[in-house]
Amino acid sequence: MAFAELLQLVGNCGRYQSKLVFSTLALMMLVAAHNLVQNFSAAIPAHRCHVHLLDNITSQSKLPENLTAEALLRMSIPMDNNKQEQCRRFRQTQWQLLNSSNLTIDTTELEIEPCLDGWTYDQSLFTSTIVTQWDLVCKSQSLKFLSQSIYMTGYMLGSPIGGYIADKWSSESARWLILSGKLEKALKVMKKVAHINGIKDVEENLHIEFGLMTDLQNLGGNMFLSQALLGIVDFPSKFLSWFAMKFLPQRPLIASTLSLSGLCILINIFVPKDIPVVHLGLALLGKGFMAVYFSICGNFNHNLIPTGIRSKAEGMILFTMGLASSLGSLALITRQYFEHLPVILFGTFPIMAAICVYFLPETLNCPLPDTLQDVERRNKNHKKTSTNEEEISGLQDSTKC
């Protein structure tokens, strides 16, 4: 009896499995919170250079009462495309700019300097972030993306270590225990599953089937609203992915979701900045496709990797994902050289990955492999089936009039 049939004796979809799913979801929610927290803790609020006349209380007391904050900023901060510059200020206060009706003054010839005395930040949305605390703006803005990369590097290094620990000390998978020859422990785990699932009179059958298994064990806009919407879109995406995984081939599904998410990113390049609704819509659509991809990809990986090395292999997969995330954070720094370069990179790589998916075997309706021999046997059968189909197709073509 194969392990899948053995699992049906103790219940393959009961309270025990529900408990595992919900406990895993709880941990995933904690991980997701850490992944997203920098959207808020490292947010970059509107900012400008520190202006002595405006930001020093002692200086304000000496100013005429008819001077407004807007007038002081006009004399202290140069304009760039009708917006105040965030990283430079006039070297000296330009009193001649006090009269806003004087349009003959060429401000491009006035002396300017960087923000030597720091910055003043808009606190209407965020009272404090790591950006405002350490002035990670202008020339230091790349350090903000470096902090994200450091976090993902820790994630990258922890993944293979966690996979090794899971295989070595904390693995309670009955399938893994059987393959490792620890049948007594596997029997205890299966009894526990049956008890939690409320299935009785299964102990005798388990003893019989575990005896048989000894011969089979070697077989095989508003950022808060936007963030909320990006989280909500996961729910219909996960629901859709369940039906897709059940009835459709895995490789075309993964390739299509990766390609469509990449296209959603690339299309954003051509959308004007003054249409934030379209930007958000494309982001939601791309996020939805990626959510479907991640659901299918996890199942696809399980079907590709044999049980004996699954934790270690998935640890290495997570390591690679962490490395990609770290490089992705650093890729944002390239925006200072070419504005659309990060978007081009983020949109192109999913499309390239979609092409690579077709170098992997299809796993729809295939049993989970237990050993490397199972994987090799399945690949050989897949090649034979493909060859036979080609021969039949060629024979049919040759008999056509």
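For clarity, every value in this text was computed on a predicted model and none was experimentally measured.

**As for the overall build of the protein chain**
Counting its regular elements, the protein chain contains 18 helices and six strands. Put simply, the protein chain has 401 residues, and 33% of those count as buried. Accessible surface computed for the protein chain: about 25,300 Å², of which carbon and sulfur atoms make up 63%.

**Notes on helix α16 (residues 310-331)**
Along its 22 residues, α16 runs 31 Å from first to last C-alpha, staying within 8% of the 32 Å computed at 1.5 Å per residue. Of the residues making up α16, those classed as buried are Arg310, Gly315, Gly322, Ser326, Gly328, Ser329 and Ala331.

**Things to note about the side chain of serine 149**
Of note, serine 149 is situated in helix α8 (residues 142-170). Owing to a relative accessible area of 6%, serine 149 belongs among the buried residues under this scheme. Contacts of serine 149, omitting those with residues within four sequence positions, involve Ser326, Ser329 and Leu330.

**Topic: the confidence of the model for the protein chain**
This prediction gives the protein chain a mean pLDDT of 76; 78% of its residues lie at or above 70. Confidence drops under a pLDDT of 50 for residues 211-220, and excluding neighbours within four residues, the segment shows 20 contacts in the predicted structure. Scored below 50 in pLDDT, residues 389-401 makes zero contacts in the model with residues more than four places away or belonging to other chains.

**Looking at the packing of helix α13 (residues 234-247) against helix α15 (residues 276-304)**
One can describe the packing of α13 onto α15 by two numbers: an axis separation of 8 Å at closest approach and a directional angle of 45°. Considering their axes alone, α13 and α15 lie oblique with respect to each other. In this structure, α13 meets α15 at a crossing whose hand is right-handed. Taking contact as the criterion, the partners of Asp234, Ser237, Lys238, Leu240, Ser241 and Met245 in α13 are, on α15, Lys287, Gly288, Ala291, Val292, Ser295, Ile296 and Asn299. Of the residues assigned to the contact of α13 with α15, the class counts are five nonpolar, five polar and three charged.

**Here's the deal with the packing of aromatic side chains**
According to the stated counting rule, one finds three aromatic pairs in the structure shown. Taking the centre distance of 5.2 Å and the plane angle of 75° together, the rings of phenylalanine 239 and phenylalanine 243 count as edge-to-face. Within this pair, phenylalanine 239 and its partner phenylalanine 243 are both found in helix α13, separated by four residues, close to a single helical turn. Relative to phenylalanine 294, the ring of tyrosine 293 lies with its centre 5.1 Å away and its plane at 55°, an arrangement referred to as tilted. Within the aromatic cluster, the residues linked to one another by ring pairs are Phe239, Trp242 and Phe243.

**Some words on unusual backbone geometry**
Not every positive phi belongs to a glycine, and aspartate 135 is a case in point at roughly 55°. As for its placement among the helices and strands, aspartate 135 is situated in the loop between α7 (130-134) and α8. Given the relative accessible area of 26%, aspartate 135 is considered partly exposed. One non-glycine residue, cysteine 138, adopts positive backbone phi at about 55°. Mapped onto the elements, cysteine 138 comes out in the loop between α7 and α8.

**A few points about the packing of helix α14 (residues 250-267) against α15**
Direction vectors running N to C along α14 and α15 enclose 155°, while the axes themselves pass 8 Å from each other. The pairing of α14 with α15 is recorded here as roughly antiparallel in orientation. You can see that α14 and α15 cross each other, and the crossing is left-handed. Residue-level inspection shows Gln250, Arg251, Leu253, Ile254, Thr257, Leu258, Leu260, Ser261, Cys264 and Ile267 of α14 in contact with α15, the latter providing Leu282, Leu285, Gly286, Phe289, Met290, Val292, Tyr293, Ile296, Cys297, Asn299 and Phe300. Considered class by class, the residues forming the contact of α14 with α15 number 15 nonpolar, five polar and one charged.

**Focus on the state of the cysteines**
Tallied over the full model, the rule gives two disulfides. Cysteine 49 shares a disulfide with cysteine 115; S-S distance 1.7 Å. Because the torsion about its S-S bond is -65°, the bridge between cysteine 49 and cysteine 115 counts as left-handed. Here cysteine 49, found in strand β1 (residues 47-49), pairs with cysteine 115, found in the loop between β5 (112-114) and β6 (119-121); they are 66 residues apart in sequence, far enough to count as distant. Just as cysteine 49 is buried, cysteine 115 falls in that class too. Disulfide partner of cysteine 87: cysteine 138, at an S-S distance of 2.0 Å.

Rules of the game
Residues numbered from 1 in each chain as written. Predicted model: local features only at pLDDT ≥ 70, side-chain atom pairs only at ≥ 80, totals over all residues. Heavy atoms only, no water. Helix = DSSP H or I, 4+ residues; strand = E, 2+ residues; numbered from the N terminus. Buried < 20%, exposed > 50% of the residue type's maximum accessible area, 1.4 Å probe, protein only. Areas by Shrake-Rupley, 256 points an atom, 1.4 Å probe, with all protein chains shown as cover. Expected span 1.5 Å × (residues − 1). Contact = heavy atoms within 4.5 Å. pLDDT = per-residue confidence, 0-100. Axes fitted to C-alpha atoms, helices over the stretch in contact; angles between N-to-C directions. Parallel < 35°, antiparallel > 145°, perpendicular 65-115°, else oblique. Left-handed = near helix turned anticlockwise from the far one by under 90°. Nonpolar A, V, L, I, M, F, W, Y, C, P; charged D, E, K, R; others polar. Phe/Tyr/Trp six-rings, centres within 6.5 Å; stacked < 30°, edge-to-face > 60°. Disulfide = S-S within 2.5 Å.

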